[in-house]
Amino acid sequence: MLKLGLGKYRLIVILITLFLVFDVGVLGMTFVISRQLTADAMSINLAGQHRYLIQKLAKTALLIDQDATQGTFDSNGTSSLNEVKDLIATADRFNAINATFDGGAKLPDMVEDLALTPSQDEQAAALFALVKDLWAPINAEVQALNQPKPGFRPDVGPLLQVLIPNNLNLLSTTNILTSRLEALSAAKAAKLRMVQIAGMVLALANFGFILYSFLGQLRKSDMAVERAQRETADILRTTQEGLFLLDPEFRMGSQTSNALSKILGVEAKPGESFLDLLKPLVTPKTYETAKEYIELLLRHDVKEKLVASLNPLDCIEISTVRQNGAVESRFLQIRFNRVLQDQKVTHLLVTANDITRRVKLERELKDSERRVQDQMGMMVHILQADPRQLQDFLLAATEGLNQINEDLRTASPTTGVSTPRVDAMMRATHRLKGDAAALNLEAVTQSLHGFESLLQELRAQTRRSSDDLLPVAVRVKGLYQEINAIQDVIARIGQVRGVVSVEPPKPAHDPELAAQAFVRQWRGFAQQLAKRHEKQVELSYQGLDLETLNPQLREAVNTMVNQFIRNALVHGVEQPADRKKRGKSEAGHLSVYISNQGDGTLELSFRDDGRGIDPERIRDAVVRSGRFSADTAKVLDARRLTLMIFEPGLSTHEKVDEDAGRGVGLDAVKEMITRLGGRIRIGTTTGEYCHFRVQLPMKAEPRDTTIDDTIKEVA
């Protein structure tokens, strides 16, 4: 069965239907009665013609008779012939009216067929029957005079004999018939007026009831709408979330919460494009991703739960300017929920929240956890580290930071620091990073890596003002704090042990050189790097006990070996599968040999059996760094290209990571050798090995680092 679903409009629809039924009924009755009134008017007209025709017939007959009595006919009888024709025409008209009353032929002057009144009323029918009875003998005598011939002299005596006695009765009967017809017509007219009045009264009453019901229903609906609007306004005014509806054209709805503009940091106007509002707040990539995500949610064939985790606006960072001009960084969370109608997505309900406090708390918690883990790890590594190496590192770190801090302090307010000084800072930082990594001081290593990135950005600037040095100074302060934290941990451990030194219990005596603390550290560092780069490595050592060297020389040798290990594991030693294809063992082999030459010099030999130095890779790196054009680099020989591995900022590693990519490691080694008055030789065969031989004076005296005669030989 068909369900119209009229709901609250059911009563109004019923009343309107009744109103239409009343109108149709009144119009129908008016039409019927109007036709009857038309028939009555025609009947009254024809009854009136009856009287007229009877009188005319009597007059014509008397004139014919008078002419015959007085002998006034003309000789040819023309006058009497015309009067007889007129007499006969009058009778024919009377007969035609009778036939019409009987429901026979229609008169020529009648426009439409009508049921005339005498046939509809008993009294009128009886009077009409009497008229016909009185008319019958008269009509017979008239018809006897039909078809007169020229010279004919009519005899109307028989006609007058039946006409004179019936004339008055016939006139009286037609008068009564006419009056009856007029009375019937008046009654019908009165009935029509009553029907119309009743119909109008009922229609007005129905219309009034409709109006009353409609206004009542409308008033209830308006009150419900106003109540809903007030509740919506109260919700939007008091909620602390940014709320609005988003249509398929990405336009915001007509109502938004008061908190929306405050949360977004910009004025949000109803009807405005949400994408235009979002675009200046996020990165172009986030903007495009957010647009695609919203388009996915608006599609009916995509399940909302499947794409909910793809929301790129679930946590975004924006920067807003306060009234005092300060820049404020905040975090927003913007989420979307579908609004469905008939299983179709019509809108998206957008909820925006300021989650800055939550994000900062989460980050503080993570930082606290990281700091605790770092401190625990630091304590473990401090306990495992060789005390002398750790003390040497802390001393070198403090001296390096002091030198960097002095360079920053004496920098020009307008030009900042020079590029050579920035290079020196990068070399010192890189050396410290390698030493920290060798000691497994992960937190310090990461901090030095970040500081190195900051220095690299500073070096790339063509003009450096004092404002550009502020981030560097802040980072140096942080590094000081980390070094002080290590010293505090050492002091606390010393208090627990009851001694100042953090030297761990000495292991049992091992005559082999592999038991030396430096060798254990180098092996641990090599294994750490190998694991990070998914390689295998073995390290062997022969030579002096580094503890017998003076602190400055010992720290320099340790730093150089650390850099050589890093360089070998990143650039030289191949992946196990590649080494196996070349007929090598899967584990790369690093050989370290330190000897006293007996002539006042110390020699450090470092060899790896990796891929060696590839001049073509250096050539590509030279072009990529912009030092030479492709054409110029093409003509450089292998020796010149090999020497360029010591150039600052040049690296064959294509991406920057914690271990390589900045071109600082070997530059730092060269600077250290130069400063100590030493020299270095390189031997390499592509695909076979790389061999560094460093000679340093046993009693090193600092030299001018601008004298570049360090590299003596490339083989």
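Use the structure listed above.
Fair warning: this is a prediction, and the values are worked out from it, not measured in the lab.

**Q** Tell me about the pairing of strand β10 (residues 689-697), residues and numbers included.
**A** With eight bridges connecting them, strand β8 (residues 601-608) and β10 associate as antiparallel partners. Along β10, the bridge assignment pairs T601 with P697. Sheet topology places strand β9 (residues 679-685) next to β10; seven bridges connect them, and they run antiparallel. Looking at β10, one finds that G683 is bridged to H691. If you look at the hairpin formed by β9 and β10, you'll find three residues sitting between the two strands, and G687 has a positive phi there, around 85 degrees.

**Q** Quick rundown of the packing of aromatic side chains? Include the residues and the values.
**A** Within the structure shown, the criterion is met by eight aromatic pairs. Ring centres 5.5 Å apart and planes at 45 degrees place the aromatic pair F244 and F274 in the tilted group. Of the two residues, F244 is situated in strand β1 (residues 242-246) and F274 in helix α6 (residues 274-278); the sequence distance between them amounts to 30 residues. For F244, a relative accessible area of 3% translates into the label buried. Looking at F274, the relative accessible area reads 3%, which means it is buried. When the centroid spacing of 5.5 Å and the interplanar angle of 35 degrees are considered together, the rings of F564 and F606 count as tilted. Placement of F564 in helix α15 (residues 551-572) and of F606 in strand β8 is noted, with a sequence separation of 42 residues between them. Overall, the relative accessible area of 1% leaves F606 in the buried class.

**Q** Now, about α15: what can you tell me, with residues and values included?
**A** What sets the pattern is the α-helix's 3.6 residues per turn: residues three or four places apart point alike. If you check α15, its first and last C-alpha atoms are 30 Å apart, about what 22 residues at 1.5 Å a residue would give, namely 32 Å. Taking burial as the measure, the 22 residues of α15 include 19 buried ones, the bulk of the element.

**Q** Could you give an account of helix α14 (residues 517-532), with specific residues and numbers?
**A** For α14, built from 16 residues, the straight-helix expectation of 22 Å at 1.5 Å per residue is met to within 8% by its first-to-last C-alpha distance of 23 Å. Every buried residue of α14 is listed here: A517, F518, V519, Q521, W522, F525, A526, Q528, L529 and A530. The first or second residue beyond α14 is E534, which carries a positive phi of 55 degrees.

**Q** Tell me about unusual backbone geometry, and name the residues and values.
**A** Positive phi values are uncommon outside glycine, yet F250 reaches one of about 65 degrees. Among the secondary structure elements, F250 is positioned in the loop between β1 and β2 (252-256). Of note, E534 is a non-glycine position whose phi angle comes to about 55 degrees, a positive value. Mapped onto the elements of the fold, E534 is located in the loop between α14 and β6 (537-543). Judged by relative accessible area, E534 falls into the exposed class, the value being 63%.

**Q** If you had to explain the packing of helix α11 (residues 419-438) against helix α12 (residues 442-460) to someone new, which residues and values would you point to?
**A** Two numbers describe a pair of packed helices, the interaxial angle and the distance between the axes. Interhelical geometry of α11 versus α12 gives an angle of 165 degrees and a closest axis separation of 9 Å. Relative to α12, the element α11 is oriented roughly antiparallel. Judged by the twist between their axes, the crossing of α11 over α12 is left-handed. Only V444, T445, L448, H449, F451, E452, L455, Q456, L458 and R459 of α12 make contact with α11, whose side of the interface consists of T419, V422, D423, M425, M426, T429, H430, L432, K433, A436 and A437.

**Q** Tell me about the nonpolar core, residues and numbers included.
**A** Burial of nonpolar side chains together is a common tendency in soluble globular proteins. Counting 51 residues, the largest nonpolar core has W522, M560, F564, I565, L590, V592 and I594 as its most contacted members. By residue number, the principal contributor to this core is α15, which donates nine residues. Look past the residues within four positions of V592 in its chain and what remains in contact with it is W522, L539, S540, Y541, Q542, V561, L604, S605 and F606.

**Q** Outline empty space enclosed by the protein, supporting the account with residue identities and numerical values.
**A** The method is simple in principle: a probe with the dimensions of a water molecule rolls over the atoms, and the space it marks as empty is what remains. The tally for this structure, following the rule as stated, stands at four cavities of 30 Å³ or more. Here the second largest cavity defines a volume of roughly 80 Å³. The wall of the second largest cavity is formed by Q389, D392, F393, D435, L439, F518, Q521, R554, E555, N558, T559 and N562. Broken down by secondary-structure element, the contributors of at least two residues to the lining of the second largest cavity are α10 (387-409), α14 and α15. With five residues, the top contributor of residues to the lining of the second largest cavity is α15. Looking at side-chain class alone, the lining of the second largest cavity contains three nonpolar, five polar and four charged residues.

Procedures and definitions
- Residues numbered from 1 in each chain as written.
- Predicted model: local features only at pLDDT ≥ 70, side-chain atom pairs only at ≥ 80, totals over all residues.
- Heavy atoms only, no water.
- Pairing = 2+ DSSP bridges.
- Helix = DSSP H or I, 4+ residues; strand = E, 2+ residues; numbered from the N terminus.
- Phe/Tyr/Trp six-rings, centres within 6.5 Å; stacked < 30°, edge-to-face > 60°.
- Buried < 20%, exposed > 50% of the residue type's maximum accessible area, 1.4 Å probe, protein only.
- Expected span 1.5 Å × (residues − 1).
- Axes fitted to C-alpha atoms, helices over the stretch in contact; angles between N-to-C directions.
- Parallel < 35°, antiparallel > 145°, perpendicular 65-115°, else oblique.
- Left-handed = near helix turned anticlockwise from the far one by under 90°.
- Contact = heavy atoms within 4.5 Å.
- Core = buried A, V, L, I, M, F, W, Y, C linked by side-chain atoms within 4.5 Å.
- 1 Å grid on protein atoms, 1.4 Å probe; cavity = no way out; pocket = protein on both sides within 12 Å on 5 of 7 lines; lining within 4 Å.
- Points joined across faces, edges and corners; volume = space filled by probe spheres on them.
- Nonpolar A, V, L, I, M, F, W, Y, C, P; charged D, E, K, R; others polar.

By themselves, these are just geometric observations and shouldn't be taken as functional.
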